[in-house]
Amino acid sequence: MPRINPTPVVRLLVVVAFAALCLSSSWFDIRAKGTFTEGIEREPTLWANYTIDGQDEVIQLEISNSTPLIVYWSERETITGSGSSNSSESPSGDDTQAEAKQDDGYLNLGRARNIVKTLVILCCLLELLCVVRPMKITRGLSIGFWIAGFFALTILVPVSLLSDSFGGGGQEGSEAQPGDGFDTGEESGAVQFAHSTFESNLNVQLTAIVWSFDSSGYDLGLIEEQHRDSVRQSPPDEGEPGEDSFIRFAGDIRIVISDGVWIWLAIPFFWISITILATMSTRLLAAASTSLPSSVDARDDS
């Protein structure tokens, strides 16, 4: 019976255990904050905590100083654009767009999850192959799939999340409304707001991605109908109708690396530690085996 090297076995057990922990732990914690800094009294603030793992997303929402915001939502009028007559046909159009995005190479969170899971499983299978038939090429492929899995976790998943949230990928069949909070849709703003502006900034840090935004405009839903055309043409001056309809909403969304990513990142450190321990134990055993015959010879001479 061929003798099995224990080092690849230990490596396999470590990779399988860490892979299972990675897939069952949360990957990213998303903390979002948006504040109505102008136009609404007491600056209502929307808070959202969004946790992503290999299966689900958990969302927690909170609104501080919510009473003025509720009053604002109840007092404003929803503006219907020129294309409102075709509103009954919009659901089918949304479904067509959704199907097109599913058929093409559009990267969404579900596909990113499947890519991560596939790479994690392939890495485990290659480690198993290293136990059965240890070769340098299988070891190199295992390391390569670990690198690919780390790239998918740290790049593809956040990009797919931002694409779903702010690129229209996660809003098929739903109509954005002004003042909903974290609403950055241009289609809604073009009808509901006049002279609207939107600025954003993406900052990539070592352990987080921070996306900040600042949007403002004159809410036409707060202006009487006979004054809306004049506000659309030029911003109202002080004392003119529509001056008090100016709304500013600003905040940031922070995507923070969570336990699952750190667990996957720890695998190479255990690989290195196992290799160092195996090398040290081999040298100690070799030194002990060479010193043992010499001591036996010395006893025979005496």
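Computed from a predicted structure; not experimentally measured. Counting of residues starts from 1 at the beginning of each chain's written sequence and follows it residue by residue. Where local features are concerned, this predicted model is filtered to residues with pLDDT of at least 70; where side-chain atom pairs are given and counted, the filter is 80 or more; whole-chain, interface and lining totals use all residues. As a convention, hydrogens and water are excluded, and side-chain values are obtained from all of the structure's heavy atoms.

## Considerations on the overall build of the protein
Numbering goes from the N terminus for both helices and strands, where a helix is a DSSP run of H or I of at least four residues and a strand is a run of E of at least two. Each helix and strand in the protein was counted, giving eight helices and six strands. Ordered by position in the sequence, the α and β elements of the protein form the string α-β-β-β-α-α-α-α-α-β-β-α-β-α. Classification of residues uses two cut-offs on accessible area relative to the type maximum, computed with a 1.4 Å probe and protein chains only: under 20% is buried, over 50% is exposed, and between them is partly exposed. Considering the protein as a whole, with its 302 residues, one finds that 35% of them fall into the buried category. A separation threshold of at least 6 residues defines the contact pool for the protein, and within that pool the share at least 24 residues apart is 69%. By the convention used here, residues are in contact when the closest approach between their heavy atoms is within 4.5 Å.

## As for the sheet that holds strand E4 (residues 193-204)
Here, a strand pair is defined by DSSP locating no fewer than two bridges between the strands. With antiparallel pairing, the six strands of this open sheet are ordered in space as E3-E2-E1-E6-E5-E4. Edge positions in the sheet fall to strand E3 (57-64) and E4, since each has one partner strand and no second. Across this sheet, the average inter-strand angle for adjacent strands is 10 degrees, counted without regard to direction. Two elements, strand E1 (residues 26-38) and strand E6 (residues 246-257), share 10 bridges in a ladder whose sense is antiparallel. Looking across to E6, one finds that Phe36 is bridged to Phe249. In this analysis an axis means a line fitted to C-alpha atoms, helices contributing only their contacting stretch, and an angle means the value between N-to-C directions, from 0 to 180 degrees.

## Some remarks on unusual backbone geometry
Here Arg42, not a glycine, exhibits a phi torsion of approximately 65 degrees, which is positive. Tracing the backbone shows Arg42 in the loop between E1 and strand E2 (45-53). Residue Arg42 is classed as exposed on the basis of its relative accessible area, which comes to 53%. For Asn65, which is not glycine, the phi torsion reads 55 degrees and is therefore positive. Its location among the elements puts Asn65 in the loop between E3 and helix H2 (66-75). By relative accessible area, which is 32% here, Asn65 ends up partly exposed.

## Things to note about the confidence of the model for the protein
The predictor rates its confidence in each residue with pLDDT, a number between 0 and 100. Averaged over every residue, the pLDDT of the protein is 79; residues scoring 70 or more account for 77%. Here residues 83-94 is a poorly scored stretch, pLDDT under 50, and it has two contacts once near neighbours within four places are set aside; other chains count. Counting interchain partners and residues more than four positions distant, the pLDDT-below-50 stretch residues 168-187 has 44 contacts.

## A look at the nonpolar core
Put simply, a nonpolar core is a bunch of buried Ala, Val, Leu, Ile, Met, Phe, Trp, Tyr and Cys residues held in one set by side-chain atoms that sit within 4.5 Å of each other. One finds Trp27 and Trp264 to be the most contacted residues of the largest nonpolar core, which totals 45 residues. If near-sequence neighbours (up to four positions away) are discounted, Trp264 is found in contact with Ala19, Cys22, Val120, Cys123, Trp146, Gly149, Phe150 and Leu153. Counting seven residues, the second-largest nonpolar core is a separate cluster that includes Ile79, Ala194, Tyr218 and Val231.

## A word on the side chain of Glu127
Relative to the assigned elements, Glu127 resides in helix H4 (residues 109-132). We classify Glu127 as buried; its relative accessible area is 0%.

## Points about the pattern of salt bridges
Note on definitions: salt bridges are taken to be side-chain nitrogens of Lys or Arg within 4 Å of carboxyl oxygens of Asp or Glu. Following the criterion strictly, the structure yields eight salt bridges and no others. Residue Asp229 is joined to Arg232 by a salt bridge in which the shortest nitrogen-to-oxygen separation is 3.0 Å. Separated by three residues within a single helix, Asp229 and Arg232 lie in helix H7 (residues 225-233), roughly one turn from each other. Taking the relative accessible area as the measure of exposure, Asp229 reaches 47% and is therefore partly exposed. Put simply, Arg11, Glu127 and Arg139 are held in one network by salt bridges that share partners.

## What to know about a nonpolar patch on the surface
Note that patches include only residues with greater than 30% relative accessible area and no salt bridge, and the join distances are 9 Å for like charges and 5 Å for nonpolar side chains (Val, Leu, Ile, Met, Phe, Trp, Tyr). The protein chains shown are the only cover counted for residues, whose accessible areas, like all others here, come from Shrake-Rupley with a 1.4 Å probe. On the surface, Ile121, Leu122, Leu125, Leu128, Leu129 and Val132 cluster together to form a nonpolar patch covering roughly 510 Å² of accessible area. Its place among the elements puts Leu125 in helix H4. Overall, the relative accessible area of 48% leaves Leu125 in the partly exposed class.

## Structural notes on the packing of aromatic side chains
Between two aromatic rings, the relevant description is the distance of the centres plus the angle of the planes. Here the aromatic set is Phe, Tyr and Trp, taking the six-membered ring for Trp, and pairing holds for ring centres within 6.5 Å; pairs whose planes are under 30 degrees apart are stacked, those over 60 apart are edge-to-face, and all others are tilted. All chains considered together, the criterion is met by eight aromatic pairs. By the ring-pair criterion, three or more aromatic residues cluster together here, those being Phe36, Tyr72, Phe198, Trp211, Phe213 and Phe249.

## Quick word on the environment of Pro44
Here Pro44 lies in the loop between E1 and E2. Note on Pro44: relative accessible area 0%, which makes it buried. Apart from residues lying up to four places away in sequence, Pro44 is in contact with Gly34, Thr35, Phe36, Ser64, Asn65, Pro68 and Leu69.

## Quick notes on the packing of helix H1 (residues 6-24) against H4
Close contact between H1 and H4 brings their axes to 8 Å; oriented N to C, the two are set at 165 degrees. When the axes of H1 and H4 are compared, the pair comes out roughly antiparallel. Seen from above, H1 lies across H4 with left-handed handedness. For the pair H1 and H4, the contacting residues are Pro8, Val9, Arg11, Leu12, Val15, Val16, Ala19 and Leu23 in the first and Lys117, Val120, Cys123, Cys124, Glu127, Leu128, Cys130 and Val131 in the second. We call Asp, Glu, Lys and Arg charged. Ala, Val, Leu, Ile, Met, Phe, Trp, Tyr, Cys and Pro are nonpolar, and the rest, Gly among them, are polar. Here the residues of the contact of H1 with H4 sort into 13 nonpolar, no polar and three charged. Here the word oblique covers every angle except those under 35 degrees (roughly parallel), over 145 (roughly antiparallel) and from 65 to 115 (roughly perpendicular). Crossings are sorted by hand: turned counterclockwise from the far helix by less than a right angle, the near helix makes the crossing left-handed, and turned clockwise it makes it right-handed.

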